Amino acid sequence: MNRLKSVEFWCFLLLMVNVATAGVDFYFRRSTAALEPFPSGREVSGRLGITVGGSPPESGAACHLVRYASTYCGYCSPKYSEPWNDLEKTLTHKGCDSIIVSPYSGDLPPGDGATPEQKLAGVSLQFIKSTHFTSTPITLLLDRDWKIVWSHIGVVESGDAQHALRLAGF
Amino acid sequence: MRILLFFAVLGLIVMEAFLLPHTVRDFRTMRKMRVETASEDGRPVALSPFAGYDVDGRPLTLVTDDTRWIVPFVIHADRMSADLDYLSRLRKALPRRTLALVGVCDQSRCSAASQSEQAHPDFPVLVYGSYAPLKDIARFDDRNQVLLMNQFWGVNKSLPRAASAEEMATTIQQVIGQ
């Protein structure tokens, strides 16, 4: 009888530990999700900026591919940019536009020349506040209404590009 | 009955063994993300090369050959006229051209104010600019501070944004020694 009581006690204790662990895990997951830098569905609001040509970027495209990159960033160089170039080419062929933003004036990376890009000479404070780019390269894919569909920090690999295309519905 | 209890205990142990590594992994991920997304407290070394544009995309002349100091101020759309008045009074209190005041619109709604060089001949008001420098200016503005820079956009000091333009002028004068 005593042994049975002891087993019951351990059962109860383990059940409590399980519930507590599940609760803590749930809390960590929620906290981590809240810290995600570019959560899907977040809107990039306001006027974006001004292109090097001095005009506002066109905004009526089916989707918008935004790349934060610099000519001084090694991982933004052509050596690491092939999957990015492929993603850019595929999406622009499907009616999306490609927008390039750089951290400083004069460090816009040269494109591969095969795809039309809108390079921003200046951006608005609203755009900065709704993106908060901290490193290069960062890639965002936004829908027609400027809501984030997919984001990637670092070099885009071919698997990332495929994931982006899947999420964009192409 | 005993066998049932045995399996219950076993099941719970297995479940715990499954949950615990997940929790540890999520905790590590959360800590890493907290570190990565924590606001940077550090003052930037420099905000150059910096370019500013008005609402129509025209490049603005922000400094001249006489400039020795630069202080950018964010013009908030929700108190635009008060901020523009603040900058005008600050310019009057600090008339020497060695100090360049630069207004930075936080929303393109203040673009009317940036039709500017006629409306505000004493300081340029920019609507668009370089990403990283504007981010730093906004970051300090969120803490109610402004950056004081030399003519090469090297950051010298961050100053609290005083409630009145005259107080702000006194603080700036004390720092730049004029």
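### Focus on the overall build of chain B
Then, number 1: For chain B, the helix and strand inventory stands at 5 helices and 7 strands.
Then, number 2: For chain B, the sequential pattern of α-helices and β-strands runs α-β-β-α-β-α-β-β-α-β-β-α.
Then, number 3: Split into buried and exposed, the 178 residues of chain B put 31% on the buried side.
Then, number 4: At a minimum sequence separation of 6, the contacts of chain B that also span at least 24 residues come to 66%.

### Things to note about unusual backbone geometry
Generally, phi is negative for residues other than glycine and the peptide bonds are trans, each holding for most cases.
Then, number 1: The peptide bond linking A:Thr136 to A:Pro137 adopts the cis configuration, its omega dihedral lying at -5°.
Then, number 2: Along the chain, A:Pro137 falls in the loop between α3 (125-131) and β5 (138-143).
Then, number 3: In this chain, B:Ser48 is followed by B:Pro49 through a cis amide linkage whose omega measures -5°.
Then, number 4: Examined against the element boundaries, B:Pro49 turns out to sit in the loop between α1 (2-37) and β1 (52-53).

### Brief notes about the environment of B:Met149
Residue and element names in this part refer to chain B.
Then, number 1: Mapped onto the elements, methionine 149 comes out in strand β6 (residues 145-150).
Then, number 2: Taking the C-alpha atoms as reference, methionine 149 lies 8.5 Å from leucine 47; in sequence the two are 102 residues apart.
Then, number 3: Look past the residues within four positions of methionine 149 in its chain and what remains in contact with it is Leu47, Trp69, Ile70, Gly154, Val155 and Asn156.

### Describing the interface of chain B and chain A
Then, number 1: Taken together, the contacts link 38 residues of chain B with 38 residues of chain A.
Then, number 2: Of all the secondary-structure elements, those providing two or more residues to the side of chain B that touches chain A are α1, β1, β3 (99-105), β5 (128-129) and α4 (131-142) of chain B.
Then, number 3: With 18 residues, the top contributor of residues to the side of chain B that touches chain A is α1(B).
Then, number 4: Of the residues contributing to the side of chain B that touches chain A, the split by class is 23 nonpolar, 10 polar and 5 charged.

### A few points about the nonpolar core
Then, number 1: Grouped together as the largest cluster of nonpolar side chains are 71 residues, with contacts concentrated most on B:Leu101 and B:Val104.
Then, number 2: What B:Leu101 contacts, discounting residues up to four positions off in sequence, is B:Val71, B:Phe73, B:Leu87, B:Leu90, B:Arg91 and B:Phe123.

### Overview of the packing of helix α2 (residues 82-93) of chain A against helix α4 (residues 158-168) of chain A
When two helices pack together, you describe them by how their axes are tilted relative to each other and by the distance separating the axes.
Residue and element names in this part refer to chain A.
Then, number 1: Contact geometry of α2 with α4 gives a least axis separation of 8 Å together with a crossing angle of 20°. Here α4 runs roughly parallel to α2, going by the angle between their axes. In this structure, the crossing between α2 and α4 has a hand that is right-handed. Residue-level inspection shows Pro83, Asp86, Leu87 and Thr90 of α2 in contact with α4, the latter providing Ser158, Asp160, Ala161, Ala164 and Leu165.
Then, number 2: Of the residues contributing to the contact of α2 with α4, the split by class is 5 nonpolar, 2 polar and 2 charged.

### Observations regarding α4(A)
Residues and elements named next belong to chain A.
Then, number 1: Taken residue by residue, α4 has Ala161, Ala164 and Ala168 as its buried positions. Along the axis of α4, the buried residues cluster in a sector spanning 60°; they form a single face. Exposed side of α4, more than 90 degrees from the buried face: Gly159 and Arg166 are the residues found there.
Then, number 2: Among the structural elements, β2 (63-68), α2, β5 and β6 (148-153) are those in contact with the buried residues of α4.
Then, number 3: In the segment just after α4, glycine 169 is the residue with positive phi, at about 85°.

### A short note on the packing of helix α2 (residues 80-93) of chain B against helix α5 (residues 165-176) of chain B
Residue and element names in this part refer to chain B.
Then, number 1: The interhelical angle for the contact between α2 and α5, taken along N-to-C directions, is 45°, at an axis separation of 8 Å. As far as their axial angle goes, α5 and α2 are oblique. As α2 packs across α5, the resulting crossing turns out to be right-handed. The segment α2 lies against α5, with Tyr86, Arg89, Leu90 and Ala93 engaging Ala165, Glu166, Met168 and Ala169.
Then, number 2: Of the residues belonging to the contact of α2 with α5, the class tally is 6 nonpolar, no polar and 2 charged.

### What about the sheet that holds β6(B)?
All names here are of chain B.
Then, number 1: Read across the open sheet, the 5 strands follow the order β4-β3-β2-β6-β7; overall the sheet is mixed. For this open sheet the edge positions go to β4 (125-126) and β7 (155-160), each flanked by a neighbour on one side alone.
Then, number 2: Note that strand β2 (residues 69-75) and β3 share 7 bridges and pair parallel. Residue pairing in the sheet places valine 71 in a bridge with leucine 101 of β3.
Then, number 3: Across the face of the sheet, α5 comes into contact with β2, β3, β6 and β7 while running at roughly 150° to β7.

Procedures and definitions
- Residues numbered from 1 in each chain as written.
- Chains lettered and ligands numbered in written order.
- Predicted model: local features only at pLDDT ≥ 70, side-chain atom pairs only at ≥ 80, totals over all residues.
- Helix = DSSP H or I, 4+ residues; strand = E, 2+ residues; numbered from the N terminus.
- Buried ≥ 20, exposed ≤ 12 C-beta atoms within 10 Å, placed from the backbone.
- Contact = placed C-beta atoms within 7 Å.
- Nonpolar A, V, L, I, M, F, W, Y, C, P; charged D, E, K, R; others polar.
- Core = buried A, V, L, I, M, F, W, Y, C linked by C-beta atoms within 7 Å.
- Axes fitted to C-alpha atoms, helices over the stretch in contact; angles between N-to-C directions.
- Parallel < 35°, antiparallel > 145°, perpendicular 65-115°, else oblique.
- Left-handed = near helix turned anticlockwise from the far one by under 90°.
- Arc of directions from axis to C-beta.
- Pairing = 2+ DSSP bridges.

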